[in-house]
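Structural description and commentary
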Amino acid sequence: GVELAYWDITPLVRGEVVEHYRQSSEYVREFVDERALEEAVATSRDAVFVLLLPKIWKFRRIFRLLTRYRCKTVAFKWGALPAFSAASRASLLRVFGSPRVLLTKVRNRLHTLLLSSHWYLPQYDLLFAAGRVMLGKSDDARKTVPVALFDYDQFTQAEPGERLVEEKYAVFLDNYMPFHSDHALVGMPPLDPEVYYEKLHRFFSAVERRHGLRVVIAAHPRSRYCKDEFRGREIISGKTVELTRDADLLLFHASTSVSYAVLGRKPVWAIYTDEMERLYRHNYMQLVRAMADYLGLPLLNVSQLLAADLPPIGAPDEARYAGYVRDFLATDGIVGGQSKEIVRREITALAG
């Protein structure tokens, strides 16, 4: 009973973005002109705006526009991942060894202080936070409501069903690494698709020989594969929960989708390639290492491994997995399936 629209302002905040095999829906409205967006906001003051933008300097004009028209705003703080240390030796050398990087850090810090000032941007009217980490960072709202990450609800509410893969198998949690448009937003240059998928193919073949497992692909929601990128291996979309439930091993880089493996108490290996290490050493690879360290996972460079070098498939660290659930997935007191009703109830009350 709620009228819903999805306002796509990507062209305004990021410029032209190439999405491979892009799709849309009738409820999506795209804005390419800031004046058109302002007119839409001005005529929708009674709406509740659920924001998928972080409060960073680049997006300040959008937040200022909503502030000008006194719009009701809602945000979600969830999907946090283990943090890497910003004070690592490599990071410090990079900051203090480059005046440009140092000035960027100082500028970003000043911007953060300004954006957190409520005289410049008011607090959200409503904030949903999942997990202990995000609840500890939820001081930017008039009202904060604990929920669980949607991954938690999906896994705990999934109905038992038949196996999707008959034999023993491992699942690769796909990131759509060479083609994901969000990577450019954080300054990650694209990987060479041919090199990336060839390295994965060789590694998957080694896993299949060494451990007798068939490797299947849990496709990223944005992915549109059409060139046999995974060399004939089965690619399954929209079934990550079901695939994880019956898998003997999970393989991933760094992603919130590992939550399914954590909830299912499954063994996980964190993997990367030489090219990822070379291009993403100071950003994404630090996250890969932080997640492996937090969960106590093997961290494997698949560009340099042979089948004989693969580790055994060991049992997961139960204490680390339980800590991950508390910190990032499920707020204490929130049971599976409850969050959707909490969100509906609170937004309805805010709309008044």
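Let me sum up the structure you'll find in this document. (Residues numbered from 1 in each chain as written. Predicted model: local features only at pLDDT ≥ 70, side-chain atom pairs only at ≥ 80, totals over all residues. Heavy atoms only, no water.)

1. What to know about the overall build of the protein chain
From N to C terminus, the protein chain includes 15 helices and twelve strands. Within the span of the protein chain, comprising 352 residues, buried residues form 44% of the whole. When the accessible area of the protein chain is evaluated, it comes to approximately 19300 Å², of which 52% is carbon and sulfur surface. (Helix = DSSP H or I, 4+ residues; strand = E, 2+ residues; numbered from the N terminus. Buried < 20%, exposed > 50% of the residue type's maximum accessible area, 1.4 Å probe, protein only. Areas by Shrake-Rupley, 256 points an atom, 1.4 Å probe, with all protein chains shown as cover.)

2. Details of the sheet that holds strand E8 (residues 214-218)
Strand order in the open sheet formed by six strands is E9-E8-E7-E10-E11-E12, and the pairing between neighbours is parallel. Only two strands of the sheet have a single partner each, and these edge strands are strand E9 (235-236) and strand E12 (299-301). Sheet contacts for helix H13 (residues 284-295): strand E10 (249-252), strand E11 (268-272) and E12; angle to E11, the most-contacted strand, approximately 160°. (Pairing = 2+ DSSP bridges. Contact = heavy atoms within 4.5 Å. Axes fitted to C-alpha atoms, helices over the stretch in contact; angles between N-to-C directions.)

3. Remarks on unusual backbone geometry
In this model, arginine 70 sits at a positive phi of 50°, which is unusual for a non-glycine residue. Here arginine 70 is to be found in the loop between helix H3 (60-68) and strand E4 (72-77). Classification of arginine 70 by relative accessible area gives exposed; the value is 76%. Residue arginine 265 is not a glycine yet carries a positive backbone phi of 55°.

4. Concerning the pattern of salt bridges
Summed over all chains, the structure comprises 19 salt bridges. Note that arginine 142 and aspartate 125 form a salt bridge whose closest N and O atoms lie 3.0 Å from each other. Taken as a pair, arginine 142 in the loop between helix H6 (131-135) and strand E6 (144-147) and aspartate 125 in the loop between helix H5 (99-115) and strand E5 (126-130) lie far apart in primary sequence, 17 residues in all. One salt bridge connects arginine 345 with glutamate 346, and the closest N-O pair in it is separated by 3.4 Å. (Salt bridge = Lys/Arg side-chain N within 4 Å of Asp/Glu carboxyl O.)

5. Things to note about the packing of aromatic side chains
As enumerated under the stated definition, the model contains 18 aromatic pairs in all. Residues tyrosine 294 and tyrosine 324 carry aromatic rings whose centres are separated by 6.0 Å and whose planes lie at 75° to one another, so their mutual orientation is edge-to-face. Here the residue tyrosine 294 occupies a position in helix H13, and tyrosine 324 occupies one in helix H14 (residues 318-329), the gap between them amounting to 30 residues. Classification of tyrosine 324 as buried rests on a relative accessible area of 1%. An aromatic cluster is defined as three or more aromatic residues linked by ring pairs; in this entry it consists of Phe172, Tyr176, Tyr196, Tyr197, Phe203, Phe204, Tyr225 and Phe230. One residue, arginine 29, lies across the ring of tryptophan 7, its end atom 6.0 Å from the ring centre. (Phe/Tyr/Trp six-rings, centres within 6.5 Å; stacked < 30°, edge-to-face > 60°. Lys NZ or Arg CZ within 6 Å of the ring centre and 35° of its normal.)

6. Let's talk about the side chain of glutamate 229
In this structure, glutamate 229 sits in the loop between E8 and E9. Only 3.2 Å separates the side chain of glutamate 229 from the backbone nitrogen of lysine 227, close enough to count as a polar contact. (Polar contact = N/O pair within 3.5 Å; in protein donor to acceptor, adjacent residues only side chain to side chain.)

By themselves, these figures tell us nothing about what the structure is for.
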